[in-house]
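Below are the chains, spelled out letter by letter.
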Amino acid sequence: MRLATWNVNSLRSRIGRVEAFLERHDIDVLALQETKAREDQLPLMGLQSLGYEVAAAGYHQWNGVAIISRVGLEDVQIGFEEMPGFGDPLTAEARAIGATCAGVRVWSLYVPNGRKVEDPHYAYKLDWLARLRAAALDWREGPTALVGDWNIAPLDEDVFDMAQFKTSTHVTPPERAAFQAFLDDGYVDVVRPHTPGPDVYTYWDYYRQRYERNRGLRIDFVLGSAPFASRVTGAFIDRDERAGTGASDHAPVVVDLAD
DNA sequence: ATGGTGGTCGCACCA
């Protein structure tokens, strides 16, 4: 089974690239983030004609997660809808959707950005991660993958220039500790062993020619439970998908799983 | 600085 995760930054504006990506890499299951599409806006026709089922949740302008699968899509569950303390019901967002695809539990995650360290969204990000961790403890026995945009660069090597992030989110010790906690619980970064060398970025900002100059971040991850990780036979970052006009600011991450 | 979205076709908000 071939599983991928991709922050598409609008499914509607990217549908052509999404379909081309699915065909180019023969993807079985694709977890999407930042779909920016209501359920009634999802361009299902193209994906369905390619043989995929779609499950989507959570939409408020920039949010929304989805899983599309051609190997079954069962027990769909939406998680982490609340954004406590933010009052406006429009900010109640679904940042996680889970589904079982061919026996593998896949969670498409869009971890809160956090904005700035002093912003309430930063505390919300850490709280959200703590709640996800608590829930994920119970998911470790089976083959489970926590995939998506974690909005955390866990290591200095995941950042093009640490000096530029001295006062930024994504690299603070509490965020990195929150990420490390999943590893401590037995989840494994299944991609890094298959992407040797320094070219590990998954995200390049749109401006300042960050992609052309390869000044990016590694913030998109596939963390697998032990039963999942033991089945991984390969992985890669499709960095070429970031090239050209009409690209998302994130590249897809692809993982191969033995049957 | 760039790009997507919404609610209007210029601009605020978000990444």
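What counts, and where the lines are drawn
- Residues numbered from 1 in each chain as written.
- Chains lettered and ligands numbered in written order.
- Predicted model: local features only at pLDDT ≥ 70, side-chain atom pairs only at ≥ 80, totals over all residues.
- Heavy atoms only, no water.
- UniProt positions renumbered as here; feature names shortened; annotations may be inferred.
- Helix = DSSP H or I, 4+ residues; strand = E, 2+ residues; numbered from the N terminus.
- Rg over C-alpha atoms; globule rule 2.2 N^0.38 Å.
- Lys, Arg positive; Asp, Glu negative; His and termini not counted.
- Charge placed at Lys NZ, Arg CZ, Asp CG, Glu CD.
- Core = buried A, V, L, I, M, F, W, Y, C linked by side-chain atoms within 4.5 Å.
- Buried < 20%, exposed > 50% of the residue type's maximum accessible area, 1.4 Å probe, protein only.
- Contact = heavy atoms within 4.5 Å.
- 1 Å grid on protein atoms, 1.4 Å probe; cavity = no way out; pocket = protein on both sides within 12 Å on 5 of 7 lines; lining within 4 Å.
- Polar contact = N/O pair within 3.5 Å; in protein donor to acceptor, adjacent residues only side chain to side chain.
- Pairing = 2+ DSSP bridges.
- Points joined across faces, edges and corners; volume = space filled by probe spheres on them.
- Nonpolar A, V, L, I, M, F, W, Y, C, P; charged D, E, K, R; others polar.
- Axes fitted to C-alpha atoms, helices over the stretch in contact; angles between N-to-C directions.

- For chain A, the name recorded in an unreviewed UniProt entry is Exodeoxyribonuclease-3, with Nocardioides psychrotolerans as its organism.
- Entered under Sequence similarities (unreviewed entry) in the UniProt record, the comment concerning chain A runs "Belongs to the DNA repair enzymes AP/ExoA family."

**Here we look at the overall build of chain A**
Right, so step 1: Helix and strand counts for chain A come out as five helices and 12 strands.
Right, so step 2: What you see for chain A is a C-alpha radius of gyration of 17 Å, in line with the 18 Å of a compact globule of 259 residues.
Right, so step 3: Summarising its shape, the C-alpha atoms of chain A cover approximately 45 × 40 × 35 Å along the three principal directions.
Right, so step 4: Counting 27 positive and 38 negative side-chain charges, chain A places the centres of these two groups 6 Å from one another.

**Quick look at the nonpolar core**
Right, so step 1: Leu-3, Val-191, Val-222, Phe-228 and Val-255 are the most contacted members of the largest nonpolar core, which has 41 residues in total.
Right, so step 2: Not counting residues up to four positions away in its chain, the partners in contact with Val-255 are Met-1, Arg-2, Leu-3, Val-190, Val-191, Val-222, Phe-228, Val-232, Gly-234 and Ala-235.

**Describing the UniProt feature "active site" (unreviewed entry) in chain A**
Right, so step 1: Under the UniProt annotation, the feature "active site" (unreviewed entry) is placed at Tyr-110, Asp-149 and His-250. These annotated residues cover 141 residues of sequence, and their C-alpha atoms lie no more than 12.6 Å from one another, placing them together at a single site. As for the annotated residues named above, the ones lining the largest pocket are Tyr-110, Asp-149 and His-250.
Right, so step 2: Along the polypeptide, Tyr-110 turns up in strand S7 (residues 104–110).
Right, so step 3: In terms of polar contacts, Tyr-110 uses its side chain to reach the side chain of Glu-34, at 3.5 Å.
Right, so step 4: For Asp-149, the location among the structural elements is in strand S8 (residues 144–149).
Right, so step 5: Residue class for Asp-149 comes out buried when judged on its relative accessible area of 1%.
Right, so step 6: Residues within four places of Asp-149 in sequence aside, it is in contact with Asn-7, Gln-33, Leu-109, Tyr-110, Val-111, Ile-219, Asp-220 and His-250.

**With respect to the sheet that holds strand S10 (residues 220–224)**
Right, so step 1: Across the sheet, which stays open at both edges, the six strands sit in the order S5-S6-S7-S8-S10-S9 with mixed pairing between neighbours. Each edge of the open sheet carries a strand with a single partner, namely strand S5 (74–79) and strand S9 (188–189).
Right, so step 2: The pairing of strand S6 (residues 96–101) with S7 spans six bridges and is antiparallel. Following the sheet pairing, Thr-100 is matched in S7 by Arg-105.

**Brief notes about the layout of surface pockets**
Right, so step 1: Considered as a void within the structure, the largest pocket measures approximately 720 Å³ in volume.
Right, so step 2: Lining the largest pocket are 33 residues, with Asn-113, Arg-115, Thr-169, His-170 and Tyr-203 positioned closest to its centre.
Right, so step 3: Computed from the structure, the second largest pocket encloses a volume of approximately 150 Å³.
Right, so step 4: Lining of the second largest pocket is provided by Pro-154, Leu-155, Glu-157, Asp-158, Arg-176, Phe-179, Gln-180, Leu-183, Asp-189, Arg-192, Arg-218 and Phe-221.
Right, so step 5: At four residues, helix H4 (residues 173–184) tops the list of elements feeding residues into the lining of the second largest pocket.
Right, so step 6: When its residues are assigned to classes, the lining of the second largest pocket shows five nonpolar, one polar and six charged.

**Brief notes about the environment of Lys-116**
Right, so step 1: Summarising the element assignment, Lys-116 is placed in the loop between S7 and helix H3 (120–136).
Right, so step 2: We classify Lys-116 as exposed; its relative accessible area is 56%.
Right, so step 3: Between the alpha carbons of Lys-116 and Ala-177 there is a distance of 17 Å; along the sequence they are 61 residues apart.

**Focus on the sheet that holds strand S4 (residues 65–69)**
In any sheet, the strands associate via hydrogen bonds between backbone groups, in a parallel or an antiparallel arrangement.
Right, so step 1: Spatially, S3-S4-S2-S1-S12-S11 is the arrangement adopted by the six strands of the open sheet, whose pairing is mixed. Each having just a single partner strand, strand S3 (53–57) and strand S11 (232–237) make up the two edges of the open sheet. Strand-to-strand twist of the sheet, defined as the mean angle between neighbouring strand axes without regard to direction, takes the value 15°.
Right, so step 2: In terms of strand pairing, strand S1 (residues 2–7) meets strand S2 (residues 29–33) through five bridges, oriented parallel. Note that in S2 the partner of Ala-4 across the bridge is Leu-30.

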